[in-house]
Amino acid sequence: MSEQQVLEVKQGIWIDERLLRDAGLGRDLLLVVEPGEIRILPAASEVQETPEKEAAWEVFRSLGKEARPGELPNAAEEHDRYLYGKQP
């Protein structure tokens, strides 16, 4: 669906929320200002994940699913010592 409107600039330009929603831009927007144009894009947080990035997140989420129970006492309290060999 394409929609065009002529807007009169007074103190600024108001873009109705419905238009932003219809465009699928989300709440956070990125404005790119260049000579002769202003582009409104979804902010980085709203950009869809790439397949590679989503696959990486799946690997991250899978960590620990098949972890064996720990055998170290006070593992949370001695985290640095057990993982990095640092003495308190």
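Reading guide: rules and limits
- Counting of residues starts from 1 at the beginning of each chain's written sequence and follows it residue by residue.
- Where local features are concerned, this predicted model is filtered to residues with pLDDT of at least 70; where side-chain atom pairs are given and counted, the filter is 80 or more; whole-chain, interface and lining totals use all residues.
- Excluded from the side-chain calculations are hydrogens and water; all other atoms, namely the structure's heavy atoms, are used.
- In this description a helix means any DSSP run of H or I spanning at least four residues, a strand means any run of E spanning at least two, and both kinds are numbered starting from the N terminus.
- Accessible area is worked out with a 1.4 Å probe on protein chains only. A residue is then buried under 20% of its type maximum, exposed over 50%, and partly exposed in between.
- By definition in these notes, contact holds between two residues if any of their heavy atoms fall within 4.5 Å.
- Note on areas: Shrake-Rupley with a 1.4 Å probe; residue coverage comes only from the protein chains shown.
- When DSSP finds two or more bridges between two strands, those strands count as paired.
- What a helix is expected to span follows from its residue count: subtract one and scale by 1.5 Å.
- Every patch collects residues that have over 30% relative accessible area and no salt bridge, joining them within 9 Å if they carry like charges and within 5 Å if they are nonpolar side chains (Val, Leu, Ile, Met, Phe, Trp, Tyr).
- A carboxyl oxygen of Asp or Glu within 4 Å of a side-chain nitrogen of Lys or Arg is what we treat as a salt bridge.

A.B. asks: I'm lost on the overall build of the chain in this one. Help?
C.D. replies: Along its length, the chain carries 3 helices and 2 strands. Walking the chain from its N terminus toward its C terminus, one meets helices and strands in the order α-β-β-α-α. Counting across all 88 residues of the chain, residues that qualify as buried make up 5%. At a minimum sequence separation of 6, the contacts of the chain that also span at least 24 residues come to 2%. For the chain, the accessible area works out to roughly 8700 Å², and carbon and sulfur atoms hold 54% of it.

A.B. asks: In this structure, what is going on with the pairing of strand β1 (residues 29-34)? I would like to understand it.
C.D. replies: Within a regular strand, the side chains alternate between the two sheet faces. Pairing of β1 with strand β2 (residues 37-42), which is carried by 6 bridges, proceeds in the antiparallel orientation. Bridge pairing in β2 links L31 to I40.

A.B. asks: Would you explain helix α2 (residues 51-62) in this entry?
C.D. replies: Note: α-helices contain 3.6 residues per turn, so residues at a spacing of three or four share the same orientation. Taking 1.5 Å of rise per residue, 12 residues should cover 16 Å, and α2 covers 16 Å from first to last C-alpha, within 8% of that figure. Once α2 finishes, G64 follows within two positions and takes phi at roughly 90°, a positive value.

A.B. asks: Whenever I open this one, a nonpolar patch on the surface confuses me. Can you help?
C.D. replies: A cluster of nonpolar residues, L7, V9, I13 and I15, forms a patch on the protein surface that exposes about 350 Å² of accessible area. Along the chain, I15 falls in the segment before α1 (17-22).

A.B. asks: Would you mind showing me how to read the pattern of salt bridges here?
C.D. replies: Oppositely charged side chains may form a pair once their charged atoms are brought near each other. Across all of its chains, the model carries 5 salt bridges by this definition. With a closest N to O distance of 3.5 Å, R18 and E3 form a salt bridge. Pair noted here: R18 is in helix α1 and E3 is in the segment before α1, with a separation of 15 residues, a long-range link. A relative accessible area of 35% means that R18 is categorised as partly exposed. Here R39 makes a salt bridge to E34, at a shortest N to O gap of 2.7 Å. What makes R39 partly exposed here is its relative accessible area of 33%. In this structure, a network of salt bridges that share partners links the residues E3, R18 and D22.

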